[in-house]
Amino acid sequence: MRVVRGFRRLARLLGYAAIVAIVAPLSIANAQQRGGTLIITTTPEPAVITNAFSSAPVTNEVGTKIFDGLLEYDADLKPIPSLAESWTVSPDGKTVTFRLRKGVSWHDGKPFTSADVQFSLLKVVREYHPRGPGNLGAIVAIDTPDAHTAVVRLAHPYPPMMKGLSSLEVPILPKHVYDGTDFRNNPAMNAPIGTGPFKFSKWEKGSFIQLERNDKYWREGRPYLDRLIFRFIADASTRAAAIEKGEVHVATFGTINPVEMRRLEKLPHLEIAAGGYEALAPVMLIELNTIRAPLNDKRVRQAIAYAIDRKFILENIWYGFGKPAVGPISSVYSGAGLYTTEGVRRYDVKDRLDIANRLLDEAGYKRGADGIRFKMVHDVGPFGEDWRRMGEYIKQALARVGIDVAIRSNDSPTYMRQVFTDHDFFMASGWFIGMADPTLGVQRQYWSKNIKPGTPFNNTTRYSNPDVDRLWEAAQTELDPERRARIFHDIQRQIVDDSPVIWLIEMALVAVQNTKVQNLITTPLGIRGGLYETWLKP
Amino acid sequence: MWKARARYIFGRLLHGVPIVLAIVVANFFLIRLAPGDAAQVLAGEAGAATEQYMQQIRSQFGLDRPLAVQFFSYMKNILVFDLGYSFRHGRTVASLILDRLGATALLMFVSMALSLGMGILLGTIAARRNRSSAAALIMLVAIVSYATPLFWVGLMLIILFSINLGWFPTSGMSTVGLDATGLAYALDVAYHLVLPAITLSFFYMALYTRLMRASMLETLRLDFVRTARAKGISERKIVRRHVIRNAILPVFTMAGVQVSGMLGGSVIVESVFGWPGLGLLAFEALFARDLNLLLGIFFLSSILVVITNALVDLAYTMIDPRIELARGRSNA
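Fair warning: this is a prediction, and the values are worked out from it, not measured in the lab.

Definitions and cut-offs
Numbering of residues begins from 1 in every chain and follows the order in which that chain's sequence is written. Lettering of chains starts at A and numbering of ligands starts at 1, both following the order in which they are written. Given that the model is predicted, a residue must reach a pLDDT of at least 70 before its local features are reported, and side-chain atom pairs must reach 80 or more before they are shown or counted; all residues, however, enter totals for whole chains, interfaces and linings. Think of it this way: any DSSP run of H or I at least four residues long counts as a helix, any run of E at least two long counts as a strand, and we number them from the N terminus. It is over C-alpha atoms that the radius of gyration is taken, and the globule rule equals 2.2 Å times the number of residues to the power 0.38. By the convention adopted here, residues are in contact when the distance between their C-beta atoms, placed from the backbone, does not exceed 7 Å. What pLDDT expresses is the predictor's confidence in each residue, scored from 0 to 100. Any two strands between which DSSP finds at least two bridges are classified as paired. Note on geometry: axes are lines fitted to C-alpha atoms, helical ones only across the stretch in contact, with angles between N-to-C directions running from 0 to 180 degrees.

Enquirer: Kindly report on the overall build of chain A, identifying the contributing residues and their values.
Expert: Scanning chain A from terminus to terminus reveals 16 helices and 21 strands. By the compact-globule yardstick of 24 Å for 538 residues, chain A fits well, its C-alpha radius of gyration being 26 Å. With respect to the principal axes defined by its C-alpha atoms, chain A has extents near 100 × 65 × 45 Å. In chain A, the share of contacts with a sequence separation of at least 24, taken over all contacts with a separation of at least 6, comes to 70%.

So this is what it looks like as structure tokens:
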């Protein structure tokens, strides 16, 4: 009897032990762990890290950890609170009242107040940031009735503004550090003071930038990481070696060739997390010079669009990172209902090559004795060898419809000068970010009021369609979301038909990461967010 | 004797001044031939721009001043060794260069020592054991090293020693986030220095090996060597005390050339190994159209070449007493 009882007790004990042994590691594995140093490799080394003054990608990657914005965005690109706890928009859309978070302090200990918001928006971002005038141009004044309320008054309703208030676009800077100084020569430019989850620690030029945990961050218990280091390695193969060996935990998109990314993904300790770029809406495209013959004829432009196989480019040159683009308004905007393919001309139909040939014949460019209709030059985007490869494909694709393309490949400043300043080009490949709302980043390419000779990344194609202009202007002030969505659908249909640009791929700017890294991509801003939820498995 | 040498050096340096100035003037205008300016580069990196933005950058960088004004202002500064300001980096050119000078110097000297040491040793062996299989092997290695592109060698070394064997780090000058000081830091840097130094030494080692072998073979045929053998001195002593010293002169010249190329020559290795040196700085400065920085590096480079040439000529006279020191003119 005693033996049986003892036996049962033992069995029960063993049972409990088994349960604990199974459950305990599971619960520990899922719990975030404090500590660790996350090392990210990115390129090129930035010129400045206070991203209120520059929209360069790497500047943004670093700056968004040091600064906060008024808002952040969820998976559908809808605003969620950050430094602004809540906000109300007046019925006429011309006043937005932000109630600011209390108890937030700057990295140097001083308190964050509405004066900082007023200063950052009006005196810094609107004046100095390349997208400042576009994002904040409608603001007439910002009232600060008390230290935690900022009332933004607009000249007219401007719904897109609410989509552009993250730390990526409008970081909040400390007034007490910058006011009254020469901003660009202020030492805080490259040793910034913000309210964000990480504090600036040091910058060894040519090597790395180091950020330390902000122990007084206003999000309780965050960030998890102790340190964040951005390493700059000049050679793409060396970057791949570094992440393969584990010296680096994350390699941002563009630092490693797509073919290498696919190889690295298969290794057991590496993976590619999905998402993290939707708030940028990046699109790879070819701009056509619509005021230069033969591209001034819409049929020629459409023919080129038909002649190019986007799926081929995506699979063979970019190894599947992205999806084929349909028009200027990408599918990432479908969360807000702004995207459509209804009634939009499709350039990927089965008989596209026949249509292309027919259009070129109709436009009057018949094939000569050698099969060539006319010659053109393609300026390849100066972003790496994969773009040159894409240029080679495009040359072959257009040769099939009788267009002889010569490839011109220059370094970045030469390309910028050629295409934007001298406007001496036929077709130029590049990529544009649309940002969280088409008015903020897409409009600039297709609005005739944005034709700015000499200034890059605006309306380079010189596209000018009065109907489309009217639509863009209506979208700027339309408050009703349904009506606004319909305006963008019309825009999509019109612009795709006019084809001033060949839209190639909606890019997936995914990063290669070590499997130890958890919660790297939690928002549509991805690596360009605060990374305060990120932690490292030991 | 030393007084004569000092006078010689001084004379050579004085001659160097107009050369360096001419180089600066020529470079000033040459690099402006490249299209595009720093404002366009920054706008290009920003992915967005307004006219206001471009204008702000141009006026801050002084790019909107007429060329003649920019030229005279630059020359005025250069004459007092003020290398100017790099607006892109927000620091003086001098501070940027000084920051990276140490890393470059370290890499260069270590790789030079390696390549000279190994080159002279292998060349001597190949000459002494001429027509043996050892010599053939050495020459084969030399030719292969000479012909193989540096970046490929570097990457292969990384794959073998870093990824597969895990003996050395893939890149960088020190372990990021380590914060070591003193001896620990020196050891960390040494650990990072191994692969880049070996890679960089390959090419010149091959060069010195072949030069040394050829030079030694020639010297071994000379009369005084035959006399020494006739006197009964051992072969080893002959080689050590007489032949090497005479054969080393061409190697010496080549070494002088290598030092002269020090400032810019290691772009590839610095790029592959992420070594923060001047070569990479100059390379990046070119693509960023950071003209002040680029000119500053060229200026320093040309000064270094002048000084090195003078020193090499001087060293010649010290090694080989037959070569005379001619004041103001090189005789070697």
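Enquirer: Lay out the confidence of the model for chain B with the relevant residues and their values.
Expert: Detailed reading of the predicted coordinates is not advisable wherever pLDDT is low. Residues and elements named next belong to chain B. Overall, the prediction assigns chain B a mean pLDDT of 85, with 96% of residues at 70 or greater. Of the regions scoring below 50 in pLDDT, residues 327-332 engages in 11 contacts with residues more than four places distant in sequence or in other chains. Across the predicted assembly, pTM comes out at 0.86 and ipTM at 0.81.

Enquirer: Give a detailed account of the sheet that holds strand β10 (residues 227-231) of chain A, specifying residues and quantitative values.
Expert: Residues and elements named next belong to chain A. A sheet is described by the order of its strands in space; here seven strands give the open sequence β8-β9-β10-β1-β11-β19-β12, paired in mixed fashion. At either end of the open sheet lies a strand with only one pairing partner, and these are β8 (198-204) and β12 (270-272). For strand β9 (residues 208-213) and β10, the ladder comprises five bridges, and the chain directions are antiparallel. The residue of β10 that forms the bridge with Gln210 is Ile229. Strand contacts of helix α7 (residues 258-265): β12 and β19 (512-514), with the helix running at about 125° to β12, the strand carrying the most contacts.

Enquirer: Can you lay out the sheet that holds strand β14 (residues 322-324) of chain A for me, pointing to particular residues and giving the numbers?
Expert: Residues and elements named next belong to chain A. Here six strands make up an open sheet; going across it, the order is β14-β18-β13-β17-β15-β16 and the pairing mixed. Each edge of the sheet is formed by a strand with only one pairing partner; in this case those strands are β14 and β16 (403-409). With direction set aside, neighbouring strand axes in the sheet form an average angle of 30°. Here β14 runs beside strand β18 (residues 501-507); their pairing, made up of three bridges, is antiparallel. Directly across from Lys323, in β18, lies its bridge partner Glu506. Its contacts with the sheet place helix α11 (residues 385-399) against β15 (374-380), β16 and β17 (427-433), and it is angled at close to 165° to β16.

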